[in-house]
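# Chain and residue survey
Next come the chains, spelled out residue by residue.
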Amino acid sequence: MTYEKMAHDKVLCTERGNMTALIVAYTKNRVIGNKGKIPWRIKGEQRRFRELTTGNVVIMGRKSYEEIGHPLPNRFTVVVSNTADFEAENCTTASSLEQALKKAKSLQPGKHIYISGGAGLYREAIALVEKMYVTEIEAEIEGDTFFPEFDERLFDKETEERVEGEIPFTYVTYTRKDGDCDKSIY
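Here the structure is a predicted model, which is why all the values come from computation and not from measurement. (Residues numbered from 1 in each chain as written. Predicted model: local features only at pLDDT ≥ 70, side-chain atom pairs only at ≥ 80, totals over all residues. Heavy atoms only, no water.)

Turning to the overall build of the chain, a few remarks are in order. On a plain count of helices and strands, the chain comes out with 5 helices and 10 strands. The long-range share in the chain, meaning contacts at least 24 apart out of those at least 6 apart in sequence, stands at 64%. Surface exposure of the chain reaches about 9,400 Å², of which carbon and sulfur atoms provide 47%. (Helix = DSSP H or I, 4+ residues; strand = E, 2+ residues; numbered from the N terminus. Contact = heavy atoms within 4.5 Å. Areas by Shrake-Rupley, 256 points an atom, 1.4 Å probe, with all protein chains shown as cover.)

With respect to the helices and strands, asparagine 56 occurs in the loop between helix H2 (47-53) and strand E3 (57-61). Spatially, the C-alpha atom of asparagine 56 lies 7.8 Å from that of tyrosine 114, the residues being 58 residues apart in sequence. Not counting residues up to four positions away in its chain, the partners in contact with asparagine 56 are Asn74, Arg75, Phe76, Lys111, His112 and Tyr114. Polar side-chain contacts of asparagine 56 include one of 2.9 Å to the backbone nitrogen of histidine 112. (Polar contact = N/O pair within 3.5 Å; in protein donor to acceptor, adjacent residues only side chain to side chain.)

The buried fraction of strand E1 (residues 20-27) is high, at 8 of 8 residues. Of the two faces of E1, the one carrying Thr20, Leu22, Val24 and Tyr26 and the one carrying Ala21, Ile23, Ala25 and Thr27 are both buried. Here E1 pairs with strand E7 (residues 131-137) via 7 bridges, running parallel. In the sheet register, alanine 25 faces E7, and the bridge partner there is threonine 135. (Buried < 20%, exposed > 50% of the residue type's maximum accessible area, 1.4 Å probe, protein only. Pairing = 2+ DSSP bridges.)

Our next topic: the side chain of threonine 77. Within the secondary structure layout, threonine 77 lies in strand E4 (residues 76-80). Once residues lying within four places of it in the same chain are set aside, the contact partners of threonine 77 are Val58, Met60, Tyr65, Pro71, Leu72, Asn90, Cys91 and Thr92.

Summing up the model confidence of the chain, the mean pLDDT is 88 and the portion of residues at 70 or higher is 87%. Per-element confidence in the chain is highest for strand E6 (residues 113-115), whose mean pLDDT is 98, and lowest for helix H1 (residues 3-8), whose mean pLDDT is 36. Within the model, pLDDT remains below 50 along residues 1-16, and this stretch shows 39 contacts once partners closer than five positions in the same chain are excluded. (pLDDT = per-residue confidence, 0-100.)

Laid out in structure tokens, this is it:
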């Protein structure tokens, strides 16, 4: 099964065709960043991110956006920031995750929505998403930004693919059980 097909599978809390998910890569010690950067370069690790998010909506925080420096190609980007305004082709700004989700759904109806960090958005998003697409990097890497703990009992876990290499990694998908996500912002 391709990741694109998984992204388009029926989900539990979908409204008007928009699936809301988060997508993240983290290490054994849950590191997602160090000094404002992703602290690893692993060949092929970002493949699933590209396959899932292309043609859809990506919501990210200001620091994540500034690390990239531009809207991602072939995606609609919503940047969550209270201090800066990012407006470009296929890019807009929202002041909160709630506002970002509303903008994404109204400006890109029927598109899937992927929350791609940073740590603050992930913390807020875990209660809202139907799926979490996680790349588990099988190393402990030094960092100062971490993916938050979450209650795995609320999700079904499916290991998709393990990739060998200098630093192995595994693609895992967590799907919320019983549609038990917070629908209050929908």
